[in-house]
Amino acid sequence: MRGPGLPADAFAVVMATGIVSIAARDTDHAVVSTVLAVTASGALGALALWSAISVATTGRAIAAGPDPLARSLLLFSAVAACDVVAACSRSDDVVSVVLGAVAVVLWLVLVPRTLAALRSRPRGARADGARGGWLLAAVATESLALTAAQLTGAGVLVPVLLGVALACWVLGLAVYLVIAVPVVRRVVAARGGVEVLGPDLWVLMGGLAIATLAGSGVVAATRASGALPGLPEMLGPAPVGLWVLGTMWIPVLVAMEIRRRRRAAWHYERARWATVFPLGMYSAASSGLTSVGETTGVLPSVLRDTGHVAFWVALVSWCLVTTGFLRQSWRRPPSLPWRPVGSRPG
């Protein structure tokens, strides 16, 4: 019997939990950070094990779907999940290297797969069905920049890692722009129709937030290593500008959320993790921008206060979504990728 496999965006729960852990660490909530980091690491391990068992028993790790392009783009959540857990473990270079290497391999596998799925669509229909979750490709690319910048602290292959970080940061911004345009166009064309106002639209803000954090990491790593003189001063304003653009998305997304709630009652859905992640990332980006802001005229106190407020919003959101997930799991346990002994074949 062939099991259903994991949903393509299953690793979004790891992304959301891990980034809220990082936001807690940056805002001096050590206990909360540790608990969430352990939870994120455990969830990553469990999903990896589930994938391995599913491949061994059913021949596939990910559930089939009608849209290969959407499935490939959502699979980038696995790349970002590895990098986020690596960031949670920044004091352990071995863990960071291993998870970073896994993330790179997954990214290199998914890019040609995504391009092939894109080419298989008719030229005029390649952006059809664009949704916020597609931006996970941009998020994953920026997460590679974050990990590369973080690993420069080990003092090994610093110029190479800085080059990788800078290239991934720029590429991530390009991917964000390419995908965000059809996503926004679809929402505008629907005139705010509730059918397109999915919870994953928050990745429009989250994509800019992680670009802010990655840019701050590149600037900080370059400044600390001294490998590329003059680059920190040249790049310094860019993360600040990205943070401002991300902040401008928040009232728009809140208005969309209110409109959606007026049409439909709140209920748990897997895409809700794509709401939690941007909120946590915005907190982490605000805190990470503090050192860059000192050189660009942005008040550090404003950034710190914003980071603290955003952390509490993210933590409350994480608790609500986790409660919904647990309640749904209790009522309807997930199907296993294998058939229990003694059960009848389906």
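Residues numbered from 1 in each chain as written. Predicted model: local features only at pLDDT ≥ 70, side-chain atom pairs only at ≥ 80, totals over all residues. Heavy atoms only, no water.

In the nomenclature of an unreviewed UniProt entry, the protein is known as Tellurite resistance/C4-dicarboxylate transporter family protein of Actinomycetospora rhizophila.

Engineer: I keep staring at the packing of aromatic side chains and nothing clicks. Help me out?
Structural biologist: To describe a pair of aromatic rings, you give the distance between the ring centres and the angle between the ring planes. In total, this model carries 3 aromatic pairs according to the counting rule given. Centroid distance Trp-243 to Tyr-282: 6.1 Å. Interplanar angle 10°. Geometry classified as stacked. With Trp-243 in helix α10 (residues 237–263) and Tyr-282 in helix α11 (residues 273–288), the pair connects residues that are 39 residues apart, well separated along the chain. Here Trp-243 falls in the buried class, since its relative accessible area comes to 13%. For Tyr-282, a relative accessible area of 8% corresponds to the buried category. (Phe/Tyr/Trp six-rings, centres within 6.5 Å; stacked < 30°, edge-to-face > 60°. Helix = DSSP H or I, 4+ residues; strand = E, 2+ residues; numbered from the N terminus. Buried < 20%, exposed > 50% of the residue type's maximum accessible area, 1.4 Å probe, protein only.)

Engineer: What is the right way to look at the packing of helix α4 (residues 76–88) against helix α5 (residues 93–119) in this model?
Structural biologist: Helices that pack against each other are described as a pair by the angle of their axes relative to one another and the distance between those axes. Axis separation between α4 and α5 bottoms out at 8 Å; the angle between their running directions is 165°. It follows from the interaxial angle that α4 and α5 lie roughly antiparallel. Note on packing geometry: the crossing formed by α4 with α5 is left-handed. Each of Phe-76, Ala-78, Val-79, Cys-82, Asp-83, Val-85 and Ala-86 in α4 lies in contact with α5, whose residues at this interface are Ser-96, Leu-99, Gly-100, Val-102, Ala-103, Leu-106, Trp-107, Leu-110, Val-111 and Thr-114. Of the residues contributing to the contact of α4 with α5, the split by class is 13 nonpolar, 3 polar and 1 charged. (Axes fitted to C-alpha atoms, helices over the stretch in contact; angles between N-to-C directions. Parallel < 35°, antiparallel > 145°, perpendicular 65-115°, else oblique. Left-handed = near helix turned anticlockwise from the far one by under 90°. Contact = heavy atoms within 4.5 Å. Nonpolar A, V, L, I, M, F, W, Y, C, P; charged D, E, K, R; others polar.)

Engineer: Explain the packing of helix α8 (residues 203–225) against α11 to me, please; I cannot follow it from the model alone.
Structural biologist: Following both chains from N to C, one finds α8 and α11 inclined at 30°, their axes separated by 8 Å at the closest point. Taken together, α8 and α11 sit at an angle that is classed as roughly parallel. α8 and α11 meet at a crossing whose hand is left-handed. In this structure, α8 contributes Val-203, Met-205, Gly-206, Ala-209, Ile-210, Thr-212, Leu-213 and Ser-216 to the contact, and α11 contributes Ala-274, Phe-277, Pro-278, Leu-279, Met-281, Tyr-282, Ala-284, Ala-285 and Gly-288. Considering only residue class, the contact of α8 with α11 consists of 13 nonpolar, 4 polar and no charged.

Engineer: What exactly am I supposed to notice about the nonpolar core here?
Structural biologist: If you look at soluble globular proteins, the nonpolar side chains tend to sit buried side by side. The biggest cluster of nonpolar side chains holds 104 residues, and the ones touching the most others in it are Val-20, Phe-76 and Phe-277. In terms of residue count, the dominant contributor to this core is α8 (12 residues). Beyond its immediate chain neighbours, meaning those up to four positions away, Val-20 contacts Leu-36, Val-276, Gly-280, Phe-311, Ala-314, Leu-315 and Trp-318. (Core = buried A, V, L, I, M, F, W, Y, C linked by side-chain atoms within 4.5 Å.)

Engineer: Is there a simple way to explain helix α2 (residues 30–58) in this structure?
Structural biologist: Helix length check: α2 (29 residues) gives 41 Å between terminal C-alpha atoms against 42 Å at 1.5 Å per residue, within 8%. Considered for burial, the residues of α2 that qualify are Ser-33, Leu-36, Ala-37, Ala-40, Leu-44, Leu-47, Ser-51, Ser-54 and Thr-58. On the buried face of α2, the contacting elements are α1 (12–26), α4, α5 and α13 (300–331). (Expected span 1.5 Å × (residues − 1).)

Engineer: Mind showing me how you'd approach the environment of Leu-135 here?
Structural biologist: The topology assignment puts Leu-135 in the loop between α5 and α6 (136–151). Classification of Leu-135 as buried rests on a relative accessible area of 0%. The sequence separation of Leu-135 and Ile-179 amounts to 44 residues, and the corresponding C-alpha distance is 6.3 Å. The contact partners of Leu-135, leaving out residues within four places of it in the chain, are Tyr-176, Ile-179, Ala-180, Val-203 and Leu-204.

Engineer: When you look at α4 in this model, what are you seeing that I'm missing?
Structural biologist: Structural remark: α-helix, 3.6 residues per turn; residues separated by three or four positions point the same way. Taking 1.5 Å as the rise per residue, α4 with 13 residues should run 18 Å; its terminal C-alpha atoms sit 19 Å apart, in good agreement. Across the 13 residues that make up α4, a large majority, 13, are buried.

Engineer: Looking at this model, I keep getting lost on the environment of Thr-114. Mind explaining?
Structural biologist: Note on placement: Thr-114 falls in helix α5. Thr-114 gets classed as buried once you look at its relative accessible area, which sits at 10%. Distance from Thr-114 to Leu-75, taken between C-alpha atoms, is 9.6 Å for residues 39 residues apart in sequence. Apart from residues no more than four positions distant in its own chain, Thr-114 is found in contact with Leu-69, Ser-72, Leu-73 and Phe-76.

Engineer: When you look at the side chain of Thr-141 in this model, what are you seeing that I'm missing?
Structural biologist: Tracing the sequence through the fold places Thr-141 in helix α6. A relative accessible area of 2% means that Thr-141 is categorised as buried.

Engineer: I keep staring at the confidence of the model for the protein and nothing clicks. Help me out?
Structural biologist: Caution is warranted with low-pLDDT regions, since their predicted coordinates should not be read in detail. When the pLDDT values of the protein are averaged, the result is 85; 88% of them are 70 or greater. Looking at the elements of the protein, mean pLDDT is at its lowest for helix α12 (residues 290–293), recorded as 67, and at its highest for α1, recorded as 95. Taken together, the stretch residues 336–346 has pLDDT below 50 and engages in 13 contacts with residues farther than four places along the chain or on a different chain. (pLDDT = per-residue confidence, 0-100.)

Engineer: Help me understand a nonpolar patch on the surface in this model?
Structural biologist: A surface patch of nonpolar side chains, amounting to about 360 Å² of accessible area, comprises Val-156, Leu-157, Val-160 and Val-164. Looking at the secondary structure, you find Val-160 in helix α7 (residues 158–189). (Patch = residues over 30% accessible without salt bridge, like charges linked within 9 Å, V, L, I, M, F, W, Y side chains within 5 Å. Areas by Shrake-Rupley, 256 points an atom, 1.4 Å probe, with all protein chains shown as cover. Salt bridge = Lys/Arg side-chain N within 4 Å of Asp/Glu carboxyl O.)

Engineer: For this particular structure, what's the right way to read unusual backbone geometry?
Structural biologist: The residue Asp-28 is not glycine, and still its phi comes out positive at about 65°. On the accessibility criterion, Asp-28 (67% relative accessible area) is exposed.

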